Amino acid sequence: MNAYQHPETNPLVSRDTRWREELRERMSTRERTSLPRVEMPEIPSEYRVKCNDEVNQGLSIEQAVLEARRCLDCPDPGCMKGCPVANHIPAFIKNVERRHFAEALEVLSLTTVLPAVCGRVCPQEKQCEAGCIYNKMKKPPVAIGNLERFVADFNREVSRQEGYGPVVPTVSKIASPFFGGIRIAVIGSGPSGLAFAGDMAKRGYDVTVFEALDRLGGVLKYGIPEFCLPKDVVNAEIARVAELGVKFVKNTCVGITMGFDELQEQGFKGIFIATGAGKPRFMGIPGENLPGVMTANEYLIRYNAKNTDDIYGQNVMTLRRKRVAVIGAGNTAMDAVRAALRLGAEKAMIVYRRSASEMPAREEEVRHAREEGVEFLTLHNPVEYLADENGTLCAMRLQRMELGEPDESGRRSPIEIPGAVETVDVDLVVVCVGYLPNPPEQLPDQLRSRQGKIKVDDESGKSSRPSIYAGGDIVRGAATVILAMGDGRRAAKAMSEAFEEIISNTTLG
Amino acid sequence: MVATIKKIHRHSENTAELVIADPAIARSARAGHFVMIRFSEDQPRIPFSIVDASPEDGTFTIIIHKGARLTHLINSLEVGRELPNLLGPLGQAFEVANYGTVLCIGDGEGFVPLLSVMHALRDAGCRVITVLSEFSEQNTCLQPDALKWSDDLYHSSSKERAAELIREISSREKVDMVVMTGPSDLMRLLTETARSLSIPARCILNMIMLDGVGICGICRVMVGGERKLTCIDGPTFDAYQVDFTQLLNRQRNFV
Ligand SMILES: Cc1cc2nc3c(=O)[nH]c(=O)nc-3n(C[C@H](O)[C@H](O)[C@H](O)COP(=O)(O)OP(=O)(O)OC[C@H]3O[C@@H](n4cnc5c(N)ncnc54)[C@H](O)[C@@H]3O)c2cc1C
Ligand code: SF4
Ligand code: FES
């Protein structure tokens, strides 16, 4: 009854097809492993800090094919185990090697709705690329993320130039119309909501995504800046989800401007909550409400909107400050500090209480930040922000830290060095010390944890209400795009199986 | 269904009253709620108080009253125009009850948020006394609206006079609550006056907002020692608890 084709039996991804065998025989393992990893072309750092252009320029066709040759098409690929959505990595890479780029995208579309996004923002070094066999040979792993990005970008460009609509995954064509009468509501249009919506639509359900803001994509849109993730790329991937039949309703904040009861009245039978963890956290130290201290969300929303929005006449120009300090060392912090350089900061600093090796940001982003001239004040923790005579931020007091004994988790936690406090002049502080979950208002209390997360079963994403599932940052706290997507996909599988079970247990009379 | 502008009353070059058709908002709007609107792609998203709503007609009313910066916008609006980027109703509704006698004080420019509250308080049986502070030529057009929901109306020419009026009126009759809006320095002064007379006070804050749903933190304010967001926890707060000094500093030196 399930029209959704099971991947293992899908010839698209089978390793035993004739062409894959031939391809494997074409080059020896020694030949393949002697090829150097193709480096991603980047805009030079002196130039890129003066513009908003994407830093990574993407692989050319020849570069991509060359890199694809490095992949050994392992029988038991370690990379796939590291991918939270279990992308069929060798299958798509081998399609790149034989230059069947459209099929490569079809393979990726089996498991992901955001290949161009993930190819750019996934921490591959901790996921797929960490599981690659090349690591065992002490060689750099296959550039899986760069190839994923190439496949998505190439196909997008082809369909744009030929004037086609978005390239739609073929699976949609085999979805049964059987579930078309079942309405599913998704709350939040970030990666988790999009992944869930895409998968449910592929399975034939009637899916509507509600978004509080006036643009779709969640953090991908309002948070991550253009120089890491161009907005066109995100829009094109969302267009592909829409092409699957998913409806989008913007400017609707569920729980505030539309009640859960209304969702029920409108006939929604299943709800997936993917509202993210957008609520900014502060450290609770003196001076955090001074003018000149702001959250990463405020800073990045204003930065991202710089060509259009001016806020009450105070547009992005007022964000152009000489000395900018960003507190924290996650991806958000790196994005913010690099945005500061692009706004003309002479001194852009990361202030982080642990040491460089504990920084949670992606390796590539840290490297980009270093190249661009960001200063890293590691083992420093802000304890107070100071104001000048006008009441505006002028300096921060930083407590020097050192790493203590490892705690139970094995991580060496930072401890204060008594008396080592220094004052550093600064004109703008951006606080990026994490986020709090954003549960919708009106949600029954029993679904919420004390920290405001939604409590669900880890595997299925199901809450204690059978009709409500949740995933992404609202369940995990601030995490990553790919984990959010993985949650969406697992919840789609579990929810659709729940519906199928109901139907298969129903008899007439 | 996309919201559309049903009617426009242009009171002056700087003020326009818009009646907007949007049945869902009309149905759920309560006194104290607001909406966020982006009129066009190159405009920011701006919060507007809902001053009136008619569930029967499926419409609600806002007043655009922002001085010269929005003049161009006001002139460009026309009936029938669709407003695809409209979000609301947002914020916590004003807690309406029969409090007895309520003194409503607002400054000319910023009086708008009080209108729906006065209306609701009157409907709940309160005696509503209004003080219009620092009214200028430009906003006298709000006076008829204010008059409609007031049992008594006073004018004051300055902040200090508005504070004095609280004393005068409360010496003549029992005042059970002060509700205020307008610039933060006015509200700070009025709050101190109300506190010295032990009259409970509510303030409707006027903060810059970006998203209106609690994401950016730009609208944060300290209330009773806790950090609150005006867009989701407010815009109405217990005035005694609000740190106006900090608020004023943030507004004066906006970065
Ligand atoms: C600046 C920044 C940079 C980052 N960089 C990276 C990176 O390089 N790599 C990486 O993997 N991860 C990165 N992350 C983390 C990643 O973006 C998040 O983990 C991911 O977006 C979470 O997805 P989500 O779908 O759970 O939530 P979100 O993307 O937060 O989406 C939630 C959506 O729900 C909407 N919403 C909220 N409440 C409601 C409601 N009541 N009704 C309707 N809609 C609602 C919100 O407006 C939002 O659009 C970054 C995060 C930030 C902030
Ligand atoms: S989605 Fe992320 S983890 Fe999975 S293959 Fe792509 S880059 Fe690797
Ligand atoms: S407007 Fe952004 S948090 Fe209130």
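A quick note: this is a predicted structure, and the numbers were derived from the prediction, not measured.

**Comments concerning the site of ligand 1**
All names here are of chain A.
Working step 1: For ligand 1, the set of nearby residues contains 34 residues, the closest of which are Val121, Ser192, Glu211, Val254 and Asp473.
Working step 2: In this structure, an oxygen atom belonging to ligand 1 sits 2.9 Å away from a main-chain N or O atom of Ser192.
Working step 3: Take Ala212: an N or O atom from its main chain is 3.1 Å from a nitrogen atom of ligand 1.
Working step 4: Contact with the protein chains removes 97% of the 1,000 Å² of surface that ligand 1 exposes when unbound.
Working step 5: When its residues are assigned to classes, the shell around ligand 1 shows 17 nonpolar, 13 polar and 4 charged.
Working step 6: Looking at which domains feed residues into the shell around ligand 1, each of domain 2 (171–278 + 436–508) and domain 3 (282–431) supplies at least three.

**Points about the pairing of strand E13 (residues 428–431) of chain A**
All names here are of chain A.
Working step 1: Alternating residues of E13 divide into Leu428 and Val430 and Val429 and Val431, and every residue in both groups is buried.
Working step 2: Summarising the sheet, strand E6 (residues 293–295) and E13 pair through 3 bridges and their orientation is parallel. Opposite Thr295, over in E13, you have Val431 as the bridge partner.
Working step 3: Note that strand E7 (residues 323–327) and E13 share 4 bridges and pair parallel. Looking at the pairing, Ala325 lines up with Val429 of E13.

**Comments concerning the interface of chain B and chain A**
In many analyses, interface size is given as the accessible surface area lost on bringing the parts together.
Working step 1: Of the residues lining the interface, 39 residues belong to chain B; the matching set on chain A comes to 42 residues.
Working step 2: Across the interface of chain B and chain A, roughly 3,400 Å² is buried in total on both sides, 54% from carbon and sulfur atoms.
Working step 3: Among the residues of chain B in contact with chain A, B:Ile215, B:Arg220 and B:Val255 are the three that bury the most area, contributing 21% of the side total.
Working step 4: The interface formed by chain B and chain A contains 3 salt bridges.
Working step 5: With 6 residues, strand E8 (residues 85–90) of chain B is the largest single contributor of residues to the side of chain B that touches chain A.
Working step 6: Here the side of chain B that touches chain A is built from residues that sort into 19 nonpolar, 9 polar and 11 charged.

**Section: the site of ligand 2**
Working step 1: Taken together, the residues surrounding ligand 2 are A:Cys83, A:Pro84, A:Asn87, A:Ile89, A:Cys118, A:Cys122, A:Gln124, A:Gln127, A:Cys128, A:Ile144, A:Glu148 and A:Ile482.
Working step 2: For the shell around ligand 2, the class distribution of residues is 8 nonpolar, 3 polar and 1 charged.

**What to know about the environment of A:Asp335**
All names here are of chain A.
Working step 1: Among the secondary structure elements, Asp335 is positioned in helix H16 (residues 331–342).
Working step 2: According to the relative accessible area criterion, Asp335 is buried, its value standing at 5%.
Working step 3: Here the alpha-carbon distance between Asp335 and Ala361, two residues 26 residues apart in the chain, equals 9.7 Å.
Working step 4: Residues contacting Asp335, with those up to four places away along its chain left out, are Ile224, Pro225, Phe227, Cys228, Leu300 and Glu365.

**Overview of the domain arrangement of chain A**
Residues and elements named next belong to chain A.
Working step 1: Taken domain by domain, chain A comprises domain 1 (7–161), domain 2 (171–278 + 436–508) and domain 3 (282–431).
Working step 2: Counting residues at the interface gives 14 residues for domain 1 and 14 residues for domain 3.
Working step 3: Across the interface of domain 1 and domain 3, roughly 1,100 Å² is buried in total on both sides, 37% from carbon and sulfur atoms.
Working step 4: When residues of domain 1 are sorted by the area they lose upon contact with domain 3, Arg48, Val49 and Glu125 head the list and together hold 39% of the total.
Working step 5: Across the pair Glu372 and Arg48 runs a salt bridge, and its minimum N-O distance is 2.6 Å.
Working step 6: Taken together, domain 1 and domain 3 are joined by 13 residue pairs in polar contact (both at pLDDT 80 or more).

**A short note on the sheet that holds E7(A)**
Residue and element names in this part refer to chain A.
Working step 1: Taken in spatial order, the 5 strands of this open sheet run E6-E13-E7-E8-E9, and their pairing is parallel. Sheet topology places E6 and strand E9 (375–378) at the edges, where each strand pairs with a single neighbour. Taking the axes of each pair of neighbouring strands and ignoring which way they run, one obtains an average angle of 25 degrees across the sheet.
Working step 2: Sheet contacts for helix H15 (residues 296–304): E6 and E13; angle to E6, the most-contacted strand, approximately 80 degrees.

**Some thoughts on the packing of H16(A) against helix H17 (residues 363–372) of chain A**
Residues and elements named next belong to chain A.
Working step 1: Where H16 meets H17, the closest approach of the two axes is 10 Å, and the angle between their N-to-C directions is 25 degrees. Classified by the angle between their axes, H16 and H17 sit roughly parallel to one another. In this structure, the crossing between H16 and H17 has a hand that is left-handed. Between H16, through Asn331, Met334, Asp335, Arg338, Leu341 and Arg342, and H17, the contact on the second element is made entirely by Glu365, Val366, His368, Ala369 and Glu372.
Working step 2: Considering only residue class, the contact of H16 with H17 consists of 4 nonpolar, 2 polar and 5 charged.

**Brief notes about the pattern of salt bridges**
Residues and elements named next belong to chain A.
Working step 1: Applying the stated criterion across every chain yields a total of 55 salt bridges over all chains.
Working step 2: One salt bridge in this structure joins Glu67 and Arg70, with 2.8 Å as the shortest N-O distance. Here Glu67 pairs with Arg70, and both are found in helix H4 (residues 61–70), just 3 residues apart, close to one helical turn. Summarising the burial analysis for this pair, Glu67 and Arg70 share the class buried.
Working step 3: Close ionic contact of Arg338 with Glu372 constitutes a salt bridge, the shortest N to O distance being 3.0 Å.

**Some remarks on the confidence of the model for chain A**
Working step 1: On average, chain A scores 88 in pLDDT, and the residues at 70 or more come to 93%.
Working step 2: Contacts of residues 1–5 of chain A to residues separated by more than four positions or lying in other chains number 14 contacts, the stretch itself having pLDDT below 50.

**Let's talk about the confidence of the model for chain B**
Working step 1: Looking at chain B, pLDDT values average 86 and 94% of them are 70 or higher.
Working step 2: Across the assembled chains, the prediction reports ipTM 0.90 with pTM 0.90.

**As for the sheet that holds strand E4 (residues 268–273) of chain A**
All names here are of chain A.
Working step 1: What the 5 strands build is an open sheet, ordered E3-E2-E1-E4-E15; its pairing is parallel. Of all strands in the sheet, those with a lone pairing partner are strand E3 (247–249) and strand E15 (468–470), marking the two edges. Looking at each pair of strands side by side, their axes are set apart by 25 degrees on average, direction ignored.
Working step 2: Strand direction decides the pairing type here: strand E1 (residues 183–187) and E4, joined by 5 bridges, are parallel. Looking at E4, one finds that Val186 is bridged to Phe272.
Working step 3: Here helix H19 (residues 481–504) sits on the sheet and contacts E1, E4 and E15; the angle it forms with E4, its principal contact strand, is near 160 degrees.

Analysis parameters
Residues numbered from 1 in each chain as written. Chains lettered and ligands numbered in written order. Predicted model: local features only at pLDDT ≥ 70, side-chain atom pairs only at ≥ 80, totals over all residues. Heavy atoms only, no water. Near = heavy atom within 4 Å. Polar contact = N/O pair within 3.5 Å; in protein donor to acceptor, adjacent residues only side chain to side chain. Areas by Shrake-Rupley, 256 points an atom, 1.4 Å probe, with all protein chains shown as cover. Nonpolar A, V, L, I, M, F, W, Y, C, P; charged D, E, K, R; others polar. Domains from an automatic or database assignment. Buried < 20%, exposed > 50% of the residue type's maximum accessible area, 1.4 Å probe, protein only. Helix = DSSP H or I, 4+ residues; strand = E, 2+ residues; numbered from the N terminus. Pairing = 2+ DSSP bridges. Contact = heavy atoms within 4.5 Å. Buried area = accessible area lost by both parts, 1.4 Å probe. Salt bridge = Lys/Arg side-chain N within 4 Å of Asp/Glu carboxyl O. Axes fitted to C-alpha atoms, helices over the stretch in contact; angles between N-to-C directions. Parallel < 35°, antiparallel > 145°, perpendicular 65-115°, else oblique. Left-handed = near helix turned anticlockwise from the far one by under 90°. pLDDT = per-residue confidence, 0-100.

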